[in-house]
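Secondary and tertiary structure notes
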Amino acid sequence: MWKYLTDEKYDTFLSSLNLVNTTNVKKIKKILYNITNNLDANYSEIIIYKKHGGIRFLYEPSKILKSIQKRILKKMLEERKLSNSACAYRKNYGILRNVSSHVGKNVVLKLDIKNFFDNISFKMVYDECFNETLYPKKLGMLLTNLCVYNNKLPQGAPTSGYISNLVMRSFDIRVENYCIKNNITYTRYSDDMSFSSDFNVRALINFIVALLRESGFFFKQKQNKDYNPKKIGNK
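Quick look at the structure, then. Since the structure is predicted, the reported quantities are computational estimates derived from the model, not experimental observations.

Turning our eyes to something else, we now look at the overall build of the chain. For the chain, the helix and strand inventory stands at 10 helices and six strands. If one aligns the C-alpha atoms of the chain with their principal axes, the spans along those axes are about 65 × 40 × 30 Å. Accessible surface computed for the chain: about 13,300 Å², of which carbon and sulfur atoms make up 50%. Here the chain contributes 39 positive and 20 negative side-chain charges, whose respective centroids are spaced 3 Å apart.

This is the structure in structure tokens:
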């Protein structure tokens with residue numbers, strides 16, 4: 001699609017994205033590439049101590065990078081379709097919708113994805129959000145660099161939540177299809193997956209573990225102490 005895009009047309013396209021407050025293409029390129037070549041200087045690491053132990057790292061983007069990311073989110077990402085089961089990081093959805101989907105069900109099972117944001121790589125973001133069917137390759141790579149830090153999706157960047165849902169869209173759809181066949185309700189709130197109905201718990205877990213591995217993610221084991229197959233109705 002972009003094979004015959006001239007440098008002049010590329011510059012026009014880049015300028016039309018309005019990522020920074022100037023129409024001067026040379027200035028636009030200078031600002032954007034200066035940021036991507038100095039990402040360490042454009043993120044501040046924040047350590048959050050979890051209530052039940054452990055720590056979480058947040059990465060606060062600089063003022064200019066955050067502004068660019070907000071524009072990428074609004075102009076390029078939020079118009080993209082997500083799966084019906086994704087309840088976090090999107091308008092008119094949220095934790096209440098996630099929880100209410102499972103009210104009154106006989107069996108409710110929660111499974112977590114391990115190191116969710118850390119395992120969303122540069123390649124995943126490029127392939128799902130900025131690939132060559134959507135943007136010229138060098139622009140797609142630039143946009144990916146503006147949204148990824150140290151080959152990870154940084155928690156704290158305004159783009160990261162929606163990007164995570166786009167990356168997980170094909171996973172969610174495959175889980176939804178499995179759940180439809182087995183009369184199971186499925187929702188996902190970031191790294192927290194919830195399932196409800198009467199179903200074969202062990203078969204579902206085996207399916208999810210295998211699909212996560214295939215998708216480049218890992219199953220978090222901590223919920224094992226919260227769920228007892230016999231107690232909640234394993235068949």
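And the narrative resumes.
So, about the side chain of Asn131. Its place among the elements puts Asn131 in the loop between α5 (122–129) and α6 (137–147). Since its relative accessible area comes to 15%, Asn131 is described here as buried. Looking at Asn131, its side chain comes within polar contact range of the side chain of Thr133, at 2.3 Å.

The next point concerns the pairing of strand β3 (residues 107–114). Strand direction decides the pairing type here: β3 and strand β5 (residues 192–197), joined by six bridges, are antiparallel. From the neighbouring strand, Asp112 faces β5, where its bridge partner is Asp192. Where β3 lies against strand β6 (residues 218–220), three bridges are found, and the strand directions are antiparallel. Counted as the bridge partner of Ile113 is Phe219 from β6.

Core analysis: the biggest nonpolar cluster contains 62 residues, and Ile72, Phe130 and Phe195 have the highest contact counts within it. Ignoring anything within four residues of it in the chain, the contact list for Phe130 reads Ile72, Leu77, Val125, Tyr135, Gly140, Leu143, Thr144 and Cys147.

As a further point, take the sheet that holds strand β4 (residues 185–189). Pairing in this open sheet of four strands is antiparallel, and the strands run β4-β5-β3-β6 from one edge to the other. Each having just a single partner strand, β4 and β6 make up the two edges of the open sheet. Averaged over neighbouring strand pairs, the angle between their axes works out to 30 degrees when direction is ignored.

Running from amino to carboxyl end, α5 crosses α6 at an angle of 125 degrees, the nearest separation of the two axes being 10 Å. By the angle between their directions, the pair α5 and α6 is classed as oblique. In this structure, α5 crosses over α6, and the sense of that crossing is right-handed. Contacts between α5 and α6 pair Phe122, Val125 and Tyr126 from the former with Lys137, Gly140, Met141, Thr144 and Asn145 from the latter.

Glancing now at the packing of aromatic side chains. The geometry of an aromatic ring pair comes down to the distance between the two centres and the angle between the two planes. Under the defined criterion, the tally for this structure stands at 10 aromatic pairs. Summarising the aromatic geometry, the rings of Tyr186 and Phe195 are spaced 5.1 Å apart at their centres and angled 20 degrees between planes, so their arrangement reads as stacked. Take Tyr186 and Phe195: they sit in the same class, and that class is buried. Taken together, Trp2, Phe13, Phe130 and Tyr135 form an aromatic cluster joined through their ring pairs. Taking NZ or CZ as reference, Lys138 lies 4.1 Å from the ring centre of Tyr10, over its face.

Another aspect to go through is α5. Every buried residue of α5 is listed here: Phe122, Met124, Val125, Tyr126 and Cys129. Against α3 (63–77), α6, α7 (160–167) and α9 (201–215) lie the buried residues of α5.

Here we take up the environment of Asn182. Mapping Asn182 onto the fold places it in the loop between α8 (169–181) and β4. A residue is classified by how much of its surface remains accessible, and Asn182, at 37% relative accessible area, is partly exposed. A sequence separation of 15 residues divides Asn182 from Val167, and the C-alpha atoms of the two residues are 25 Å apart. Side-chain polar atoms of Asn182 contact the backbone oxygen of Tyr178, separated by 2.8 Å.

Attention now moves to the pattern of salt bridges. For the structure shown, the criterion picks out seven salt bridges. A salt bridge links Asp7 to Lys138; its shortest N-O distance comes to 3.9 Å. Pair noted here: Asp7 is in helix α1 (residues 7–16) and Lys138 is in helix α6, with a separation of 131 residues, a long-range link. When its relative accessible area of 55% is taken as the criterion, Asp7 is described as exposed. Close ionic contact of Lys123 with Asp127 constitutes a salt bridge, the shortest N to O distance being 2.7 Å. Highlighted residues: Lys123 and Asp127, both in helix α5, separated by four residues, approximately one helical turn. What makes Lys123 exposed here is its relative accessible area of 56%.

Cut-offs applied
Residues numbered from 1 in each chain as written. Predicted model: local features only at pLDDT ≥ 70, side-chain atom pairs only at ≥ 80, totals over all residues. Heavy atoms only, no water. Helix = DSSP H or I, 4+ residues; strand = E, 2+ residues; numbered from the N terminus. Areas by Shrake-Rupley, 256 points an atom, 1.4 Å probe, with all protein chains shown as cover. Lys, Arg positive; Asp, Glu negative; His and termini not counted. Charge placed at Lys NZ, Arg CZ, Asp CG, Glu CD. Buried < 20%, exposed > 50% of the residue type's maximum accessible area, 1.4 Å probe, protein only. Polar contact = N/O pair within 3.5 Å; in protein donor to acceptor, adjacent residues only side chain to side chain. Pairing = 2+ DSSP bridges. Core = buried A, V, L, I, M, F, W, Y, C linked by side-chain atoms within 4.5 Å. Contact = heavy atoms within 4.5 Å. Axes fitted to C-alpha atoms, helices over the stretch in contact; angles between N-to-C directions. Parallel < 35°, antiparallel > 145°, perpendicular 65-115°, else oblique. Left-handed = near helix turned anticlockwise from the far one by under 90°. Phe/Tyr/Trp six-rings, centres within 6.5 Å; stacked < 30°, edge-to-face > 60°. Lys NZ or Arg CZ within 6 Å of the ring centre and 35° of its normal. Salt bridge = Lys/Arg side-chain N within 4 Å of Asp/Glu carboxyl O.

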